[in-house]
Amino acid sequence: MCPEEDAADLLSELSMTAWRKRKAIPRSDEEARMWLYGVARNTLRNWQRGQRRHRDNAARLRDEIRAHSSAPPLDEVREAIARLPVNQAELVRLIHWDGFSVVDAARALEISESTARGRYQRARIKLAQDPSITDLRHATPASPSTGQRTDHEVTGDAISGRSDARP
């Protein structure tokens, strides 16, 4: 949230709290104002504690995800792609990094669709067998359809730089 939205939410919470506890408001103006300042201070403290818990939980979750992430560092993936034959590496980059479909990549490279599919398949097989990224097979989630991830699914995640795979 931006500060203006936080302030509006805090004012709303303060108003609701004051309304719920309206019978406890002192009679004199000075005491009522001091009471309302106390309620405002407590409302702000509660909000700050909530924000701190939110930040701590988010940091803990990020650390847990990083600890269980099975994707290799992007440098290893780039190096594995660089070891492919030039025509396969270019195809993989177009598909996974530039977001082209195999058909669109074939057009961009001025090759037939069947040639592109064959090169792409060979590249995926070579990447699946690459020792620098094969450890992905042992720590990736199962797909809902088969219950297991294939080498090609795993390699596809590594090629595209996805690191959201869970153990």
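That block above? That's the structure.
Model, not experiment: these values are computed from the prediction.

### A few points about the packing of helix α3 (residues 74-82) against helix α4 (residues 86-97)
Thinking step 1. Contact pair α3 / α4: the axes reach a minimum separation of 9 Å and the direction vectors enclose 140 degrees. Classified by the angle their axes make, α3 and α4 are oblique. Along the contact surface, α3 presents R78, I81 and A82, while α4 presents A89, V92, R93 and W97.
Thinking step 2. A per-class count over the contact of α3 with α4 returns five nonpolar, no polar and two charged.

### Description of α4
Thinking step 1. Along its 12 residues, α4 runs 16 Å from first to last C-alpha, staying within 8% of the 16 Å computed at 1.5 Å per residue.
Thinking step 2. Listed as buried for α4 are Q88, A89, L91, V92, L94, I95 and H96.
Thinking step 3. Just downstream of α4 lies G99, where phi reads positive at about 80 degrees.

### Comments concerning the packing of α4 against helix α5 (residues 102-109)
Thinking step 1. Relative to each other, α4 and α5 sit at 130 degrees, their axes nearing to 9 Å. Overall, the two elements α4 and α5 adopt an arrangement that is oblique. Crossing angle aside, the handedness with which α4 passes α5 is right-handed. Residue-level inspection shows E90, L91, L94 and I95 of α4 in contact with α5, the latter providing V102, A105, A108 and L109.
Thinking step 2. When the residues that make up the contact of α4 with α5 are grouped by side-chain class, the tally is seven nonpolar, no polar and one charged.

Cut-off values and rules
- Residues numbered from 1 in each chain as written.
- Predicted model: local features only at pLDDT ≥ 70, side-chain atom pairs only at ≥ 80, totals over all residues.
- Heavy atoms only, no water.
- Axes fitted to C-alpha atoms, helices over the stretch in contact; angles between N-to-C directions.
- Helix = DSSP H or I, 4+ residues; strand = E, 2+ residues; numbered from the N terminus.
- Parallel < 35°, antiparallel > 145°, perpendicular 65-115°, else oblique.
- Contact = heavy atoms within 4.5 Å.
- Nonpolar A, V, L, I, M, F, W, Y, C, P; charged D, E, K, R; others polar.
- Expected span 1.5 Å × (residues − 1).
- Buried < 20%, exposed > 50% of the residue type's maximum accessible area, 1.4 Å probe, protein only.
- Left-handed = near helix turned anticlockwise from the far one by under 90°.

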